[in-house]
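Residue strings, one per chain:
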Amino acid sequence: MAMDADAFAKARDEMGAESVARLHRVEAAIARAARDAGRDPDDVTLVAVSKTYDAPAIEPVLAAGHRVFGENYVQETKGKWPGLRAAYPDARVHLIGPLQSNKAREAVALFDAIQSLDRPSLAKALAKEIARAREEGARVPTLYVQVNTGEEPQKGGVVPGEADAFIAACREEHGLAIAGLMCIPPAEDPPSPHFALLAEIARRNGLSELSMGMSADFAAAIQMGATMVRVGSAIFGMRG
Ligand SMILES: *Cc1c(COP(=O)(O)O)cnc(C)c1O
């Protein structure tokens, strides 16, 4: 027999309460890591990575007051965020997964930030769609360049040796404002050297925002200067 509606709603409520409890623990850990590094906790933004979780699983975290979220896919975001945004108009959604150039228009319309800018063809496509959005008076996303610090072939991001030239091309050829950098270190490496490398590339390019650190390593990232950490499973639970 299928679970009845009351039991289902109760299980939902319990899952939501657990996510909110974990959110508060992550917030406390972020504040602790910032203070340990002599930094102001308010200088670190928590991006709650809600990929694979549906709208009813995300809603309790919004209701608890959290406003910045990360998603990996255009299609998934299109399905679940319009309703959540209607209820929470000040929610902000960042794209943290790879973006195909032919989805640039949809991405510009959907996201408040795009953290996966990593190649000239995408810079060109985003520049065109951002110009179009501006003409229409629409808000446009903040852009982050993704750097593949571990030079992993399966991962997105510009390789470190090409980062300076790519950032310059984004600015000069495509007229794009770049807010900062993002990286995803190789799972098998100690993350801190990758965070240090990202911070150095940002410094020499005059960029102040560093999106680095996930559930397993956000404290190390904060120590190395992260201004944004992207935390999924430590808030929403393990993805199925
Ligand atoms: C999934 C994902 C995260 C969150 O990962 P967790 O280990 O669940 O915290 C962060 N950043 C990116 C780019 C991701 O794809």
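Per an unreviewed UniProt entry, the recorded name for the protein is Pyridoxal phosphate homeostasis protein, and the organism is Salinarimonas ramus. The Sequence similarities (unreviewed entry) field of the UniProt record for the protein holds the comment "Belongs to the pyridoxal phosphate-binding protein YggS/PROSC family." Its UniProt record, at the heading Cofactor (unreviewed entry), says of the protein: "pyridoxal 5'-phosphate".

Caption draft 1: Local environment of the UniProt feature "domain: Alanine racemase N-terminal" (unreviewed entry) in the protein. The positions UniProt marks with the feature "domain: Alanine racemase N-terminal" (unreviewed entry) are residues 30-239. Measuring from the first to the last C-alpha atom of residues 30-239 gives 22 Å, for a span that is 42% helix and 17% strand.

Caption draft 2: Quick look at the site of the ligand. Taken together, Val49, Lys51, Asn72, Ile96, Ile184, Met214, Ser215, Arg230, Val231, Gly232, Ser233 and Arg239 make up the full set of residues near the ligand. Taking Arg230, its side chain carries an N or O atom lying 2.9 Å from a nitrogen atom of the ligand. A distance of 2.8 Å is found between an oxygen atom of the ligand and a side-chain nitrogen or oxygen belonging to Arg239. Surface burial for the ligand is 90%, taken as the share of its 390 Å² of free accessible area covered by protein chains. Put simply, the ligand lies in the largest pocket. Of the residues in the shell around the ligand, the class split is 5 nonpolar, 4 polar and 3 charged.

Caption draft 3: Quick look at unusual backbone geometry. Of note in the backbone geometry, Thr52 takes a positive phi value of approximately 75 degrees without being a glycine. Notably, Glu151 is not glycine yet its phi reads approximately 50 degrees, a positive angle. You can see Glu151 is positioned in the loop between strand 5 (142-146) and helix 6 (160-172).

Caption draft 4: A look at the UniProt feature "modified residue: N6-(pyridoxal phosphate)lysine" (unreviewed entry) in the protein. Listed under "modified residue: N6-(pyridoxal phosphate)lysine" (unreviewed entry) in the UniProt record, and renumbered for this structure, are Lys51. Locating Lys51 in the fold gives a position in the loop between strand 1 (45-49) and helix 2 (55-63). When its relative accessible area of 18% is taken as the criterion, Lys51 is described as buried. Beyond its immediate stretch of four places on either side in the chain, Lys51 contacts Gly70, Glu71, Asn72, Glu76, Lys80 and Arg239.

Caption draft 5: Molecular detail of the layout of surface pockets. Taken as a whole, the largest pocket encloses approximately 600 Å³ of empty space. Forming the walls of the largest pocket are 26 residues, and the residues nearest its centre are Lys51, Ile184, Met214, Arg230 and Arg239. Counted by class, the lining of the largest pocket contains 12 nonpolar, 8 polar and 6 charged residues.

Caption draft 6: Inspection of the packing of helix 2 against helix 3 (residues 74-87) at higher detail. Relative orientation of the contacting elements helix 2 and helix 3 amounts to 35 degrees, with a least axis distance of 10 Å. Taken as a pair, helix 2 and helix 3 cross one another with a handedness that is right-handed. Taking contact as the criterion, the partners of Ala55, Ile58, Glu59 and Leu62 in helix 2 are, on helix 3, Lys80, Trp81 and Leu84. In terms of residue class, the contact of helix 2 with helix 3 is built from 5 nonpolar, no polar and 2 charged.

Caption draft 7: Structural view of the pairing of strand 3 (residues 92-95). In the sheet, strand 2 (residues 68-71) pairs with strand 3 via 4 bridges, with the strands oriented parallel. By the bridge assignment, Val68 is partnered in strand 3 with Arg92. Since strand 2 and strand 3 lie parallel, the crossover through helix 3 that links them has a hand, and here it is right-handed. With 2 bridges joining them, strand 3 and strand 4 (residues 113-117) adopt parallel strand pairing. Looking at strand 4, one finds that Leu95 is bridged to Ile114. Handedness of the crossover joining strand 3 and strand 4 through helix 4 (residues 104-110): right-handed.

Caption draft 8: Region of interest: the environment of Arg239. Structurally, Arg239 can be placed in the segment after helix 9 (233-236). Take Arg239: its relative accessible area is 37%, and that puts it in the partly exposed class. A C-alpha to C-alpha distance of 8.5 Å links Arg239 and Lys51, two positions 188 residues apart in sequence. Sequence-distant contacts of Arg239, defined by excluding residues within four places in its chain, comprise Lys51, Thr52, Tyr53, Gly232 and Ser233.

Rules used in this analysis
- Residues numbered from 1 in each chain as written.
- Predicted model: local features only at pLDDT ≥ 70, side-chain atom pairs only at ≥ 80, totals over all residues.
- Heavy atoms only, no water.
- UniProt positions renumbered as here; feature names shortened; annotations may be inferred.
- Helix = DSSP H or I, 4+ residues; strand = E, 2+ residues; numbered from the N terminus.
- Near = heavy atom within 4 Å.
- Polar contact = N/O pair within 3.5 Å; in protein donor to acceptor, adjacent residues only side chain to side chain.
- Areas by Shrake-Rupley, 256 points an atom, 1.4 Å probe, with all protein chains shown as cover.
- 1 Å grid on protein atoms, 1.4 Å probe; cavity = no way out; pocket = protein on both sides within 12 Å on 5 of 7 lines; lining within 4 Å.
- Sits in = over half its atoms within 2 Å of the grid points.
- Nonpolar A, V, L, I, M, F, W, Y, C, P; charged D, E, K, R; others polar.
- Buried < 20%, exposed > 50% of the residue type's maximum accessible area, 1.4 Å probe, protein only.
- Contact = heavy atoms within 4.5 Å.
- Points joined across faces, edges and corners; volume = space filled by probe spheres on them.
- Axes fitted to C-alpha atoms, helices over the stretch in contact; angles between N-to-C directions.
- Left-handed = near helix turned anticlockwise from the far one by under 90°.
- Pairing = 2+ DSSP bridges.
- Right-handed = clockwise from strand over helix to strand, strands pointing away.

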